[in-house]
Structure formats: C-alpha cells, structure tokens
Amino acid sequence: MIQTPYYLIDRAKLSRNMAIIDRLRAGSGAKALLALKCFATWPVFDQMRNHMDGTTSSSLYELRLGREKFGKETHAYSVAWSDHEIAEAVGYADKIIFNSIGQLERFDNQSAQIERGLRLNPRFSTSGFDLADPARPFSRLGEWDAGKIEAVMDRISGFMIHYNCENADFDLFDRQLTRIEDEFGALLHRLKWVSLGGGIHFTGEGYPVDRLAARLKAFSQRFGVQVYLEPGEAAITGSASLEVTVLDILNNGKDLAIVDSSVEAHMLDLLIYRISARMDVSGDHPYMICGKSCLAGDVFGEFSFPAPLSVGDRLSIADAAGYTMVKKNWFNGVKMPGIVIRELDGSETVAREFGYADYASSLG
Ligand SMILES: *Cc1c(COP(=O)(O)O)cnc(C)c1O
C-alpha cells in the first residue's frame, strides 16, 4: 500500500472531462488551452494533450512548463513581465498577451515577431468573491477603456477576456457575452482571435454543453474570430482526491479525527474561500476531520461516516485536483503529499514523492 498522504489522480475520471472538452471543441470550433495556474501536474499531460490544444500561463515558469511538458499551442500571459524575462518568454510563446497597454508599448520591439493580444477587462464578472473578482474596484487585471485600446489595435490580433469564475449558469454566461458583444463589438470585428478565459463550469453535472458550443460558434462567426477557452478547474474537476490516514481521535465536545495532512499546506483554497472539503461518505457517525498543522482552524470539514473511525483508517478527500498541487507548501514541515496516478487498468503509479531533502532545499 502506498504511504499517505498523496494526491490520487484518476485517469478514468479525467477522461470523462476530456470527452466533454472534445464535444465542446467539435461543436463550437473553439480551441481549449489548459490554464496551468489551476493544474500543472505534467505526468498526466500525455492524456490531456490528445483533447486540448495547448496551455496558457500566468508567469514565465508556467509558460516554460507548458512549452516543454505539454507542447502544442502555448499562450503567454502575465500580469506584468520584467525586462529580463521578455526575450525568454517570447522564445517559448506562440502568442503573448499583455495585461496593459503600458506593457504592450514597453515590449513592443521585443515581441513584434509573434502574435500579440491584450487583456480586456469588461468591468463585470461572475465572481462572488472580492479576492478573486477580476472586475473588483480598481482591478489591475486588463484594460477597460475602449478609446485607449483603439490606439493600439494595429499592434494586436486578439483579446483575452477572463471574467467567469466557476460559472455553472449558462444563461448568465450568454447574457454577459451579449454585453461584451454590445459594448466592444466594434473592436472585436478587427481581431483574429478572442480568448474568453476560464471559469466556465461546463464539465459540471447537467451543464448544457451543446448550447454553450452553439453560442461560442455564433460569437466566432459574427466577429470572424477564432475563439479560445482557458479551462482550469473545468478540465480536471472531480479527477483527483487527497488520500490521508487518521492519526488520532479525540473528543472536545465533538468527535475530532486528526489526519496526516493539512488544509493550509495541501488544500489552501478551502481556507482562502472559507469552504468545506468534500468527502463522499454518509452515515450516523459524525466527525470533524482536522489537519495536523498547528493552525487552529486547520479543519477539512465535518462528515458523517457509516461506522466509528479508528486510528489507521484511510480517508479520501474528494475534488482535490484544482488549485491544490500547484499551491502546496511546506508549512509546519508537514510531509508534502506524493502524486499518484490511477491508470486506466486500475493500477497505481507513484509519479512523485517528496521528502526531507525537498523541504530543506526549499529553504536554503
Ligand atoms: C484563473 C484563470 C483561468 C482558469 O480559471 P478556472 O476558473 O480554473 O477555469 C483561465 N484564464 C485566466 C486568465 C485565469 O486567470
């Protein structure tokens, strides 16, 4: 048995998402680029590469990883490039997307040999979280003044517009895209490509994938543009778990089980967005499942089990693919979860283990 903690990526579950991406690409003509900031576990890129058109990035290192480990079409985006990065970035990228007119002008000469885009901020979004809302007041994410953008249209061939966040509501997507068409249509007609970013939850249960495909196709035809999508979470949703073991059980008014992992270190977004982990269990025995770091609020959530828990029991935290492996850290020196792949034949391959040497080398 493989020692916990480890993230377990299930290729069969991944292939369900990949089949939906194929259907969406075929029905819409849109290209799908994996957003590496959400998921960059390259040992399964061999599988994803057959169903996605390439990658998009948020930094030089993600960009390089996309070029070297995924291949295909490689989009370079960063909130801001530094002078010493730009030549290397242009060397990896098929397209470079600048966040501001200032960066586009600053790196005009260095980037002139590849296609360039600009991030457009439509000033609305579907994010309910201020922290993650690209349209929050004074947002630095993209340009929104059509008059200013007009002046640089001759240097760019596309826009990137990322404004959705786990949006499972097709009608809301449809309405907001219509708003973009109405407000920026004159500019869109002059472009060759438009990326609508990520955040569309089209692999969710019951999502009307074919209506989305038809809507994207209509958008593409109306403006004569190649549409790109940049799914992060939608590409890998439901395809991995975090496997842990119960180390201790105590009762301080509630039954508490401490496991060999940590929310802060291994599933940080649960803390940032103040949401509970998911576990696919039910029964009459409730426990609060807690992490082993010394952070008081290091709690995965409360779940009811079919039988009392014991030290040594293995538990499986669901939905652990997105924004987990890319964010894991060495807080408290807690052993970092390994990365294990469940192959299509059911066998399990250890892709990576982390140990003391990795911890020590991350600090000096
Ligand atoms: C975060 C991000 C994505 C991916 O978002 P998901 O919600 O994971 O689909 C895509 N494009 C850009 C520009 C992003 O910032």
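Residues numbered from 1 in each chain as written. Predicted model: local features only at pLDDT ≥ 70, side-chain atom pairs only at ≥ 80, totals over all residues. Heavy atoms only, no water.

Per an unreviewed UniProt entry, the recorded name for the protein chain is Carboxynorspermidine/carboxyspermidine decarboxylase, and the organism is Gemmobacter fulvus. In its Sequence similarities (unreviewed entry) section, UniProt records this for the protein chain: "Belongs to the Orn/Lys/Arg decarboxylase class-II family. NspC subfamily." (UniProt positions renumbered as here; feature names shortened; annotations may be inferred.)

On to the site of the ligand. Surveying the vicinity of the ligand reveals the residues A35, K37, C38, M160, H162, G198, G199, E230, P231, G232, E233 and Y323. E230 places a polar side-chain atom, nitrogen or oxygen, 2.6 Å from a nitrogen atom of the ligand. One of the backbone nitrogen or oxygen atoms of E233 is found 2.9 Å away from an oxygen atom of the ligand. Protein contacts shield 87% of the accessible area of the ligand, which totals 390 Å² for the unbound molecule. Residue composition of the shell around the ligand, grouped by class: five nonpolar, four polar and three charged. (Near = heavy atom within 4 Å. Polar contact = N/O pair within 3.5 Å; in protein donor to acceptor, adjacent residues only side chain to side chain. Areas by Shrake-Rupley, 256 points an atom, 1.4 Å probe, with all protein chains shown as cover. Nonpolar A, V, L, I, M, F, W, Y, C, P; charged D, E, K, R; others polar.)

Within this structure's numbering, the places UniProt gives as "binding site: substrate" (unreviewed entry) are E233 and D269. Sequence-wise these annotated residues cover 37 residues; spatially they are packed, their C-alpha atoms never more than 12.5 Å apart. Relative to the elements of secondary structure, E233 occurs in helix α10 (residues 233-236). When its relative accessible area of 18% is taken as the criterion, E233 is described as buried. Excluding residues that lie within four positions of it along the chain, E233 makes contacts with C38, E166, G322 and Y323. (Helix = DSSP H or I, 4+ residues; strand = E, 2+ residues; numbered from the N terminus. Buried < 20%, exposed > 50% of the residue type's maximum accessible area, 1.4 Å probe, protein only. Contact = heavy atoms within 4.5 Å.)

Below, the discussion takes up the sheet that holds strand β7 (residues 158-160). Taken in spatial order, the eight strands close into a barrel running β2-β3-β4-β5-β6-β7-β8-β9, and their pairing is parallel. Averaged over all pairs of adjacent strands, the angle between strand axes in this sheet comes to 25°, irrespective of strand direction. (Pairing = 2+ DSSP bridges. Axes fitted to C-alpha atoms, helices over the stretch in contact; angles between N-to-C directions.)

Let's shift gears to helix α3 (residues 60-70). Along α3, the residues classified as buried are L60, E62, L63, G66 and F70. Tucked into the core, α3 has its buried residues touching β2 (31-35), α2 (45-48), β3 (54-56), β4 (73-78) and α4 (86-92). G71 lies just past α3 and shows a positive phi near 75°.

Another point: the side chain of D269. By the secondary structure assignment, D269 is in helix α12 (residues 268-272). Classification of D269 by relative accessible area gives buried; the value is 15%. Among all residues touching D269, those that are not within four sequence positions of it are R274, I275, Y323 and K327.

Turning our attention to the packing of helix α1 (residues 11-28) against helix α9 (residues 209-223). Packing of α1 against α9 leaves a shortest axis separation of 8 Å and a crossing angle of 35°. Between α1 and α9 lies a crossing of right-handed hand. Between α1 and α9, the contacting residues are I20, R23, L24, G27 and S28 on the first element and V209, D210, L212, A213, L216 and K217 on the second. Here the residues of the contact of α1 with α9 are counted per class, giving six nonpolar, two polar and three charged. (Left-handed = near helix turned anticlockwise from the far one by under 90°.)

Glancing now at the UniProt feature "domain: Orn/DAP/Arg decarboxylase 2 C-terminal" (unreviewed entry) in the protein chain. Within this structure's numbering, the places UniProt gives as "domain: Orn/DAP/Arg decarboxylase 2 C-terminal" (unreviewed entry) are residues 242-320. Helix makes up 11% of residues 242-320 and strand makes up 41%, while its end C-alpha atoms are separated by 6 Å.

As a further point, take the state of the cysteines. All chains considered together, the criterion is met by zero disulfides. The thiol sulfur of C38 is not disulfide-bonded, and the nearest other cysteine sulfur, from C165, lies at 11 Å. What makes C38 buried here is its relative accessible area of 1%. (Disulfide = S-S within 2.5 Å.)

The next subject is the nonpolar core. Residues M48, W81, F159, I289 and F300 are the most contacted members of the largest nonpolar core, which totals 96 residues. For this core, the element with the highest residue contribution is helix α8 (residues 170-188), accounting for seven residues. Non-local contacts of F159, meaning those with residues more than four positions away in its chain, are made with L118, L120, I149, M153, L187, L188, L191, W193, V194 and S195. L33, I97, W193 and Y228 belong to the second-largest nonpolar core, a separate cluster that totals seven residues. (Core = buried A, V, L, I, M, F, W, Y, C linked by side-chain atoms within 4.5 Å.)

Residues T4 and P5 are joined by a peptide bond in cis, for which omega reads 0°. Relative to the assigned elements, P5 resides in the segment before β1 (6-10). Here R123, not a glycine, exhibits a phi torsion of approximately 70°, which is positive. Examined against the element boundaries, R123 turns out to sit in the loop between β6 (115-119) and α7 (146-150). The backbone of R274 shows a phi angle near 55°, a positive value even though the residue is not glycine. When its relative accessible area of 75% is taken as the criterion, R274 is described as exposed.

Bringing the packing of α8 against α9 into the picture now. Two quantities define a packed helix pair, namely the angle between the axes and the distance from one axis to the other. The contact between α8 and α9 brings their axes to 12 Å, and the two run at 5°. By the angle between their directions, the pair α8 and α9 is classed as roughly parallel. Taking contact as the criterion, the partners of F170, D171, F173, D174, L177, T178, E181, G185 and L188 in α8 are, on α9, R211, L212, R215, L216, F219, R222 and F223. Residue classes in the contact of α8 with α9 are distributed as eight nonpolar, two polar and six charged. (Parallel < 35°, antiparallel > 145°, perpendicular 65-115°, else oblique.)

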